[in-house]
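Reading the structure
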Amino acid sequence: MLGFAIRRLAQAIIVMIVVALLAFTLFRFVGDPVNQMVGIETSIEEREALRERLGLNDPIPVQFARFIKSAAQFDFGTSYQFRQPVSDLFLKRIPATLELSFMSALFALAVGIPMGIYAGLNRESWVSKLFLSVSLIGISLPTFFIGILLIFLFSVTLQWLPSFGRGEVVQVGSWWTTGLLTVSGIKALILPSITLGLYQMTLIMRLIRAEMLEVIRTDYIKFARARGLPNRLVHFRHALKNTLVPVITITGLQLGSIIAFATITETVFQWPGMGLMFLQAVQNVDIPIMSAYLLLTAFLFVSINFIVDILYYLIDPRLRVERA
Amino acid sequence: MPNVTNEEAKAEVPVFANPADTPSKGALARALDSDIFHSFLKSKVTVVAALGTIILFLLAFLAPWIAPHDPFDLSTISIMDARVPPVWMEYADPRFLLGTDDQGRDLLSGIFYGMRISLIVGFCSVIAAAILGITLGLVAGYVGGRTDAIIMRIADIQLTFPAILIALLIDGATRGIFGALDREVFSFYILIFSLALSFWVQYARTVRGSTMVEKNKEYVQAARVIGIPAPIIMLRHILPNVTGPVLVIATINLALAIVTEATLSFLGVGMPPTQPSLGTLIAIGNDFLYSGEWWIAIFPGLALALLVLNVNLLGDWLRDALNPKLR
């Protein structure tokens, strides 16, 4: 177990170093930090002095080490657009993105699992076929278009739900803000969460359905039925439990892509999160924000992958035997 | 078997034989009689999807000849016609079947031309990604050792990130490097470049896997023994035998590339409004959604969804049809 964890950790660290190298290249060579800090009338000598003071004339490895050191202390330089430290900007926006991602993951699980179980158990019923066709359409519709359709239906036509922003937010603790404590905040969360979670929902539904179909055919289920156990017990105690292993893995891995796709959803709904800020940074070539976003999401993905790997190892005993 | 005719003997040639060895008429007859074609006819959904795809492709590529208006011809556009609703609504204009956008351009023609741009970007990026991925996969699989390890580690790292994020980052970085260049001209190439770099991994992994199997077979060893240089062995001997799965990936990736392109354009970092793809059209229409002019965003969106759905269905079928396990 320890050996496995250490191997995985080493891999994760290598990935992070490569990503840090990319982020550093982006930060140092694509954007010229000096050009952004001075005005047009600054003389060449003054620029050179600033360059020296910022350490931009040091050997590249030294600069890279300094970049990693400050990134580890959550210091990513100053945004070109906002003239504020990038870390402050991110701190302000992280709660919005995490809240949205969490709610859409919840939506995907709460709707996708029951649909998948139903479609797996009643393979031939027309409701299952309807679920499958809907899921195919859900996969084919681009996220942003789903958002537009929802806005058109529920905000413009029916005027039930707001189409942009987080609504009223409440400050919790020193920097966390939440929309879950006000009515307008919860209302504002509904459409973006569905938009973001729909793809994951269809994925989970198809996965559970496929796993259920497979498990139902196995001998131990036939045996459970032969023993005369009630259907409810066979389906939920015996079958569902064994379908959950891949679901946990996929859900964990999908958490990363939820956060990535939040960029799109946040743009459609003008949701004030990290994704919207990242997109504005791409449009305005705001390199410090881009490189910080790259590092942060990479860290998030690598951590999630690491945890999922370890969980998988703990849940599935077969992996342990193979490694031994 | 003394009286087997020439035709019958040909029919027994397996599907994977080099098509150049047999005359074209026999090849067509064989294709119509193959397993794959039968499984195609058996699945009604696939036939409908294939027809739909063909119709949409024709509409897109014949746009200059069949579109009722030319959205790029400024002399025929009048701002007085702006935001006219579709014909079945009030205040409609019979000239514009699906209404017009904010500049008075006919929406139906705009969709045809937009679909054309979406498809061109989609095809170009799929081809670019395939060339990159196949080359790296062939080299990794054939050379092996450290080269293989490096290429595959890069692929692993890239797979950790969703393609859309990579495309966004590459797009942003490229525009940081070529900031001074004309966006209108270069956004097409930047887009293809970022899409190709986001999608090459799947090809590389698949091709590497099959190359490692093929390179130990006798025909490759024979070629090596008679002194054929490695690049030629890879291109002329191994490549033709590993292209089956590549076709499936390419079809599925075409749908993915179209969606990703539309998303990037919608986010404002893809095709510019002067050369609108479907995503750009939706982005333009999105601004008018709230004032009740829904058709400007919804119709291009439906066209995009239809296109992606049809290509996806074809890809799904192709994957199952070429998968020997499911036969």
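See the structure above.
Quick caveat: nothing in here was measured; it's all calculated off a predicted structure. (Residues numbered from 1 in each chain as written. Chains lettered and ligands numbered in written order. Predicted model: local features only at pLDDT ≥ 70, side-chain atom pairs only at ≥ 80, totals over all residues. Heavy atoms only, no water.)

Each helix and strand counted, chain A has 13 helices and two strands in total. Residues classed as buried in chain A amount to 47% of the 324 residues present. Across chain A, the fraction of contacts at a sequence separation of at least 24, relative to all contacts at a separation of at least 6, is 68%. A total of about 16,400 Å² of accessible surface is found on chain A, and carbon and sulfur atoms cover 66% of it. The positive charge centre, built from 27 side chains, and the negative charge centre, built from 20, are 15 Å apart in chain A. (Helix = DSSP H or I, 4+ residues; strand = E, 2+ residues; numbered from the N terminus. Buried < 20%, exposed > 50% of the residue type's maximum accessible area, 1.4 Å probe, protein only. Contact = heavy atoms within 4.5 Å. Areas by Shrake-Rupley, 256 points an atom, 1.4 Å probe, with all protein chains shown as cover. Lys, Arg positive; Asp, Glu negative; His and termini not counted. Charge placed at Lys NZ, Arg CZ, Asp CG, Glu CD.)

Our focus in this paragraph is the interface of chain A and chain B. Facing 38 residues of chain A, the contacting portion of chain B comprises 36 residues. Across the chain A/chain B interface, buried area totals approximately 3,200 Å², and carbon plus sulfur atoms make up 84% of it. Between chain A and chain B we count zero salt bridges in total. Our count for the contact surface shared by chain A and chain B stands at zero residue pairs in polar contact (both at pLDDT 80 or more). (Buried area = accessible area lost by both parts, 1.4 Å probe. Salt bridge = Lys/Arg side-chain N within 4 Å of Asp/Glu carboxyl O. Polar contact = N/O pair within 3.5 Å; in protein donor to acceptor, adjacent residues only side chain to side chain.)

This part covers the environment of Leu 59 of chain B. Residue and element names in this part refer to chain B. As for its position among the elements, Leu 59 is in helix α4 (residues 44-61). Taking C-alpha positions, Leu 59 is 8.2 Å from Arg 116, a pair spaced 57 residues apart along the chain. If near-sequence neighbours (up to four positions away) are discounted, Leu 59 is found in contact with Ile 66, Phe 112 and Met 115.

Our next topic: the nonpolar core. Residues Phe 90, Phe 144 and Leu 295 of chain A are the most contacted members of the largest nonpolar core, which totals 126 residues. When residues in this core are grouped by element, the largest group, 15 residues, is from helix α6 (residues 107-143) of chain B. Beyond its immediate sequence surroundings of up to four residues, Phe 144 of chain A is in contact with Ile 264 and Val 268 of chain A together with Ala 262, Thr 263, Phe 266, Ile 282 and Leu 304 of chain B. Grouped together as the second largest cluster of nonpolar side chains are 18 residues, Phe 107, Phe 131, Met 212 and Val 234 of chain A included. (Core = buried A, V, L, I, M, F, W, Y, C linked by side-chain atoms within 4.5 Å.)

Let us now look at the pattern of salt bridges. All names here are of chain B. Summed over the entire model, instances satisfying the criterion amount to three salt bridges over all chains. Of the charged contacts, one joins Arg 208 and Asp 148 as a salt bridge, the two residues approaching to 2.6 Å between their closest N and O atoms. Of this pair, Arg 208 sits in helix α9 (residues 183-214) while Asp 148 sits in helix α7 (residues 145-159), and the two are 60 residues apart along the sequence. A relative accessible area of 11% means that Asp 148 is categorised as buried.

Turning next to the packing of helix α11 (residues 274-283) of chain A against helix α8 (residues 163-177) of chain B. Contact geometry of α11 of chain A with α8 of chain B gives a least axis separation of 8 Å together with a crossing angle of 35°. Facing α11 of chain A, whose interface residues are Phe 278, Leu 279, Val 282 and Gln 283 of chain A, α8 of chain B presents Leu 165, Leu 168, Leu 169, Gly 172 and Arg 175 of chain B. Tallied by class, residues from the contact of α11 of chain A with α8 of chain B come to six nonpolar, two polar and one charged. (Axes fitted to C-alpha atoms, helices over the stretch in contact; angles between N-to-C directions. Nonpolar A, V, L, I, M, F, W, Y, C, P; charged D, E, K, R; others polar.)

Before going further, it helps to spend a moment on the side chain of Ser 193 of chain A. Residue and element names in this part refer to chain A. Looking at the secondary structure, you find Ser 193 in helix α8 (residues 183-216). At a separation of 2.6 Å, a polar atom in the side chain of Ser 193 contacts the main-chain carbonyl oxygen of Leu 189. Setting aside residues no more than four positions away along its own chain, Ser 193 makes contact with Leu 100, Met 103, Ser 104 and Phe 107.

As a further point, take the side chain of Thr 280 of chain B. Residues and elements named next belong to chain B. Along the polypeptide, Thr 280 turns up in helix α13 (residues 278-286). The class of Thr 280 is buried, set by a relative accessible area of 4%. In this structure Thr 280 touches Ser 265, Met 271, Pro 272 and Pro 273, once residues within four positions along its chain are discounted.

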